[in-house]
Every structure is written in C-alpha cells, then in structure tokens.
Amino acid sequence: MAMSRLLACVAARRRVAYVFLVDGHVRDWRVSEKAANSPLDAAELTQVWINELTPDILVTEKIDDDFRKGPRVKAIIHAIANTAAHNYLLDVSVKREQRYRNKYEEAEALAALHPEIAAWLPKKRRFFDHEPRNIVLFEALSLAQAVLDDPSTNLAKAMG
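Residues numbered from 1 in each chain as written. Predicted model: local features only at pLDDT ≥ 70, side-chain atom pairs only at ≥ 80, totals over all residues. Heavy atoms only, no water.

Enquirer: Any details on the environment of proline 132? Residues and values, ideally.
Expert: One can find proline 132 in the loop between helix H3 (103-113) and helix H4 (135-149). Residues proline 132 and leucine 121 lie 11 residues apart in sequence; the distance between their C-alpha atoms is 9.5 Å. If sequence neighbours within four positions are ignored, proline 132 has contacts with Arg15, Tyr104, Pro122, Lys123 and Arg125. (Helix = DSSP H or I, 4+ residues; strand = E, 2+ residues; numbered from the N terminus. Contact = heavy atoms within 4.5 Å.)

Enquirer: Just give me the short version of the nonpolar core, but keep the residues and values in it.
Expert: Core analysis: the largest hydrophobic core is formed by 29 residues, its most contacted members being Val59, Phe138 and Leu141. Sorting the residues of this core by element identifies strand E1 (5-11), strand E2 (16-22), strand E3 (25-32), strand E4 (57-61), strand E5 (90-94), H3 and H4 as the ones contributing at least two each. The element best represented in this core is H4, accounting for 10 residues. For valine 59, the contacting residues outside a window of four places in its chain are Leu6, Leu7, Ala8, Cys9, Val92, Val94, Leu143 and Val147. Leu53, Val73, Ile80 and Ala84 belong to the second-largest nonpolar core, a separate cluster that totals 22 residues. (Core = buried A, V, L, I, M, F, W, Y, C linked by side-chain atoms within 4.5 Å. Buried < 20%, exposed > 50% of the residue type's maximum accessible area, 1.4 Å probe, protein only.)

Enquirer: Break down the sheet that holds E3 for me, citing the residues and quoting the values.
Expert: Here we have five strands laid out as an open sheet, ordered E3-E2-E1-E4-E5, and mixed in their pairing. Each end of this open sheet is capped by a strand with a single partner; those strands are E3 and E5. If you compare each strand with its neighbour and ignore which way they point, the axes differ by 20° on average. Strand contacts of helix H2 (residues 71-86): E1, E2, E4 and E5, with the helix running at about 165° to E4, the strand carrying the most contacts. (Pairing = 2+ DSSP bridges. Axes fitted to C-alpha atoms, helices over the stretch in contact; angles between N-to-C directions.)

Enquirer: Talk me through unusual backbone geometry; I want residue IDs and the actual numbers.
Expert: The phi angle at aspartate 23 is positive, at roughly 50°, despite the residue not being glycine. Relative to the assigned elements, aspartate 23 resides in the loop between E2 and E3. The residue tyrosine 88 is not glycine, and still its phi comes out positive at about 55°. For tyrosine 88, the location among the structural elements is in the loop between H2 and E5. Residue class for tyrosine 88 comes out exposed when judged on its relative accessible area of 79%.

Enquirer: Now, about the pattern of salt bridges: what can you tell me, with residues and values included?
Expert: This structure, assessed with the given rule, holds 11 salt bridges. Measuring nitrogen to oxygen at the nearest pair gives 3.7 Å for the salt bridge that ties glutamate 139 to lysine 69. Here glutamate 139 is found in helix H4, whereas its partner lysine 69 is found in the loop between E4 and H2, with 70 residues between them in sequence. With relative accessibility at 23%, the residue lysine 69 sits in the partly exposed group. Between arginine 99 and aspartate 149 there is a salt bridge, with the nearest N and O atoms lying 3.7 Å from each other. One end of the pair, arginine 99, is in the loop between E5 and H3; the other, aspartate 149, is in helix H4, with 50 residues separating them in the sequence. On the basis of relative accessibility, which here comes to 46%, the residue arginine 99 falls in the partly exposed class. Taken together, the shared-partner salt bridges connect Glu61, Lys69, Lys103 and Glu139 into one network. (Salt bridge = Lys/Arg side-chain N within 4 Å of Asp/Glu carboxyl O.)

Structural data, given as structure tokens:
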C-alpha cells in the first residue's frame, strides 16, 4: 500500500492538531480547540478533515501502559481512530517516542526536515509560560515522521 496521503492527528489537553502529508511533504495543518471539547466534537471534525483531505492513512498516538495523558484525551484519540475505521482508512497507532531532549528540539529538527511548516515553529517557553499553541502541530508531525521513517513495520503492525 502506498503512503501517498497521510493524516496524523494528535490530541492534547486543550487542542487537537493534524498534519497532512502528500508523498512525504506537508500540505496542510491545523490546530483546533473545538475538537478538544469532547469525543463527539473530535469525531465530527475528524470526519470533516477526512472529507476535505481524503487521506489513505490516519496516524494516531498509541495508547498503552506508558501513555501519560488523561482519560479525556484518551477518549478523544479513540474517537479519532473510530472515525478513521468508519471511513475504511488504515489507522496506524504510533507510540510517541522521545528522541530529543525536549519537544522544542524535536520541533526544530522536524522544521528542518519539513520547511513548509517552519514558520509555525514555537519559541521555547520559560518554565512559567503556558505551552505554545503550535507545539501540537509538531507532535502530529512527529507521529507522521515515525511512519515515514519506518513504513513497513508501522503499516504491518496496523494491518495485523
């Protein structure tokens, strides 16, 4: 199966983001606070995104024993994955690996790989600042990049 159209979605505490790649190049991205309100809102907006972008594969974060986000975020991720299943998309769940010291170093590395999204790179926050809104875009891009880096293994796991 060719990975020509890949939609990666990430849920965080107050936002959901997606990054859409065509043939490995970032073509669209979005952050939504509305999608983070409830699993129903997440499913609704995911359906809108699927209808607009027509992906072949939807990538979500894998929920396992090491998953550290709360039950509300888990429910949102499940709603996104269920929407993919209802649309007969291959839903690939990827474990969020920490390959860098922090999210900001990872975002810089991803921006270097995908200059299309570099303008959205957030500045590193001070310890008392809230997390920047756009950091979830790079979390979504990280999941997509994990599939791009090892497509055969990740796709085989999703199919098995």
